[in-house]
Amino acid sequence: MSAAPKHAPTMAKMSFADKIGPWLPMLLVPAIMVLGLASIPSMSSWLTLTVSGLAMGMMIFIMASGMTLVFGLMDVINFGHGVFISVGAFVGVSVLMVLASMTEAPSLVLNLLAVLLAIIAAAIATGGLGWAFEKVIVKPVYGAHLKQILVTMGGLIVVEQLIVVLWGPEEIYILRPQALQGAITFAGAALEKYRLVAVAVGLVLFLGMRYVLRSTKIGLIVRAGVENGEMVEALGYRLRLVFVGVFVAGSALAGLGGVMWGLYQEVITAHMGQQMMILIFIVVIIGGLGSVEGCFIGALLVGLLQNYIAFIEPKAALISNIALMVAILMWRPQGMIPVVKAK
Amino acid sequence: MSDPILKLEGVYTDIAQYHILQGVDLEVPRGGVTMLLGRNGVGKTTTLRTVMGHWRAKTGKVLLDGQDITTLPTPQIARAGVGFVPENMGIFSDLTVEENMILAAVSGPIDPARLEWVFSAFPPLKTFWKGHAGNLSGGQKQMLSIARAMVEERRLYLIDEPTKGLAPAIISTMARALRELKEQGASILLVEQNFSVAKALGDSCVVMDDGRVVWSGEMAELATDAGLQERLMGLSMEAHQ
């Protein structure tokens, strides 16, 4: 055999287009904000709509983030994901009703504490439900997409009916904790306090998830598992445990999102999760399967666009999200930041 | 011969309706490189994947150091000390070279001395340490794939066609790295189509045909007997280059 020549590779200088390519989806959010600013005559209206859009986007992100990971890591199409939103909302609201003395107190600390306890209870309940859902409904149909759609849809119907049995068929109207009602005025714009809290919670959760996925070994295993689960197992990691962990975490996040969404809408129904599924699917698809970052950007785009369009041309709001999905998929057929190639 | 590190006894493996392995009996001696040779489609890759538990043996036994691992889940087989380099390399493109290596070090942080050794075997990995593995060239991806197996000491290395489709210069780098690994006393089962590499590295050799082992012996014996090569593999392997 001949001796190898000296192999000294160097980094090629990337063109501007190459450098900016991965960040283009991220730039869509400020771009859509600037477009909104140009289209909405009043600065205060724009600010109000922007905060509202960001809050809506953050809540959609919280609800959808678990689903994109489950989709990417486990190749499971879980049409039952919405049920965790509904159950989370009902459990959370029930806790808030029990903690009425805290929610009605004119104290921001007590109000936030009550919401935090409701969120924790919802996350625990939906995490547990997620564990059972995976074991009973999803596990037997790994690798069979059509069966997954059918049985997870069936699971959703069953759990929705259980909610009706436990909490009754009527929608439940709720009041947000006292300190989170009303709005603050900033630069002439009325900004609802609760929406600001939702933005903050969404941002913290996104940064937390990003940290876990990017800077911890479990995050590495999840990211690698999304790409090539078989190889992760060949390295010695029990991917099945990671699957279950991600499913439980994704369900708990959906439950948390359900509480947030319920308080945002100030009404909860057994079908609220099912109704959110269309938006969640749009966000997961345009974000790119398995991508938390893509899901985050997609959710913000959906939230902002829906609010801007509803203000500018209310009738067009009905198709704005579908139009966004068509446009994104024409630009990037695998979604904005694809992690998993279409299987 | 001392106890083999790996032993397959009458292993049959099916993939869907196809009977791929049809009674494989194979021994990999402790220490040194055992070449697994044979034409395309005779079951070499399936043999490695059956040992790893990716595909299950329908009947027969897979023994690692005397322990029956036939039905163990893949992660347990890996943690028992089997390093696997698949034919498709199996690198994680979305992760950096560093993250790929961190993931491969299952028992804890990477030993710095061992990492330096890996870098000396595959210098490009040091250059692109923080770069995405998906941006590496084919040869560099193969280096990463082998480096992941080398980053920790394993009882047995299963390596599937590491030189496939690579330029001669890179093949030479691969062969040097594998020789270093062998000199450290590692046991390697290597599937290889490049006869120069097989001849240079192999101590013992197993030839498969039609899902069975049809010959096993010393690599030197096969390398010097063109008639045997012709009989076992249909043509002289020198002519195959």
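Residues numbered from 1 in each chain as written. Chains lettered and ligands numbered in written order. Predicted model: local features only at pLDDT ≥ 70, side-chain atom pairs only at ≥ 80, totals over all residues.

Along chain A, the regular secondary structure elements total 13 helices and four strands. Relative to the 2.2 N^0.38 estimate, which gives 20 Å for 343 residues, the radius of gyration of chain A is 21 Å and therefore close to what a compact globule would have. A principal-axis box enclosing the C-alpha atoms of chain A has dimensions of 80 × 50 × 40 Å. In chain A, once contacts between residues fewer than 6 apart in sequence are set aside, the share between residues at least 24 apart is 79%. (Helix = DSSP H or I, 4+ residues; strand = E, 2+ residues; numbered from the N terminus. Rg over C-alpha atoms; globule rule 2.2 N^0.38 Å. Contact = placed C-beta atoms within 7 Å.)

The strands that make up a sheet pair up through hydrogen bonds in the backbone, lying either parallel or antiparallel. Residue and element names in this part refer to chain B. Strand order in the open sheet formed by four strands is β2-β1-β4-β5, with antiparallel pairing between adjacent strands. A single partner strand is all that each edge strand has here, and the edge strands are β2 (18-28) and β5 (67-68). Relative to β2, strand β1 (residues 6-15) runs antiparallel, the two sharing eight bridges. In the sheet register, Asp14 faces β2, and the bridge partner there is His19. (Pairing = 2+ DSSP bridges.)

Counting from both sides, the interface comprises 28 residues of chain B and, opposite them, 22 residues of chain A. Where the side of chain B that touches chain A is concerned, the elements lending two or more residues are α2 (74-79), α3 (97-104), α5 (123-127), α7 (168-183) and α8 (195-201) of chain B. In terms of residues, the side of chain B that touches chain A owes the most to one element, α7(B), which gives five residues. Residue composition of the side of chain B that touches chain A, grouped by class: 17 nonpolar, eight polar and three charged. (Nonpolar A, V, L, I, M, F, W, Y, C, P; charged D, E, K, R; others polar.)

The next point concerns the confidence of the model for chain A. In this model, chain A carries an average pLDDT of 89, and 95% of its residues clear a pLDDT of 70 or more. Here helix α1 (residues 16-20) of chain A is the element of chain A with the lowest mean pLDDT, 72, and helix α4 (residues 81-98) of chain A is the one with the highest, 95. (pLDDT = per-residue confidence, 0-100.)

Take α7(B) next. Every α-helix winds through 3.6 residues per turn, so residues three or four apart in the chain are directed the same way. Residues and elements named next belong to chain B. Here α7 spans 22 Å end to end across 16 residues, near enough to the 22 Å set by a 1.5 Å rise per residue. All buried positions along α7 are accounted for by Ile170, Ile171, Ser172, Thr173, Met174, Ala175, Ala177, Leu178 and Leu181. Of the surrounding elements, those touching the buried residues of α7 are α4 (112-121), α6 (138-150), β8 (187-191) and α8. Backbone geometry just after α7 places Gly185 at a positive phi near 95 degrees. (Expected span 1.5 Å × (residues − 1). Buried ≥ 20, exposed ≤ 12 C-beta atoms within 10 Å, placed from the backbone.)

Right, let's talk about the packing of helix α3 (residues 43-74) of chain A against helix α12 (residues 292-312) of chain A for a bit. Across the interface, α3(A) lies against α12(A) with an axial gap of 7 Å and an inter-helix angle of 145 degrees. In the crossing of α3(A) with α12(A), the sense of the turn from one axis to the other is right-handed. (Axes fitted to C-alpha atoms, helices over the stretch in contact; angles between N-to-C directions. Left-handed = near helix turned anticlockwise from the far one by under 90°.)

Mapped onto the fold, Pro30(A) is located in helix α2 (residues 24-39). Residues Pro30(A) and Leu301(A) lie 271 residues apart in sequence; the distance between their C-alpha atoms is 9.5 Å.

Taking 1.5 Å per residue, 18 residues should reach 26 Å; α4(A) reaches 27 Å between its end C-alpha atoms and fits that length. In terms of residue burial, α4(A) counts as a mostly covered element, since 15 of its 18 residues are buried.

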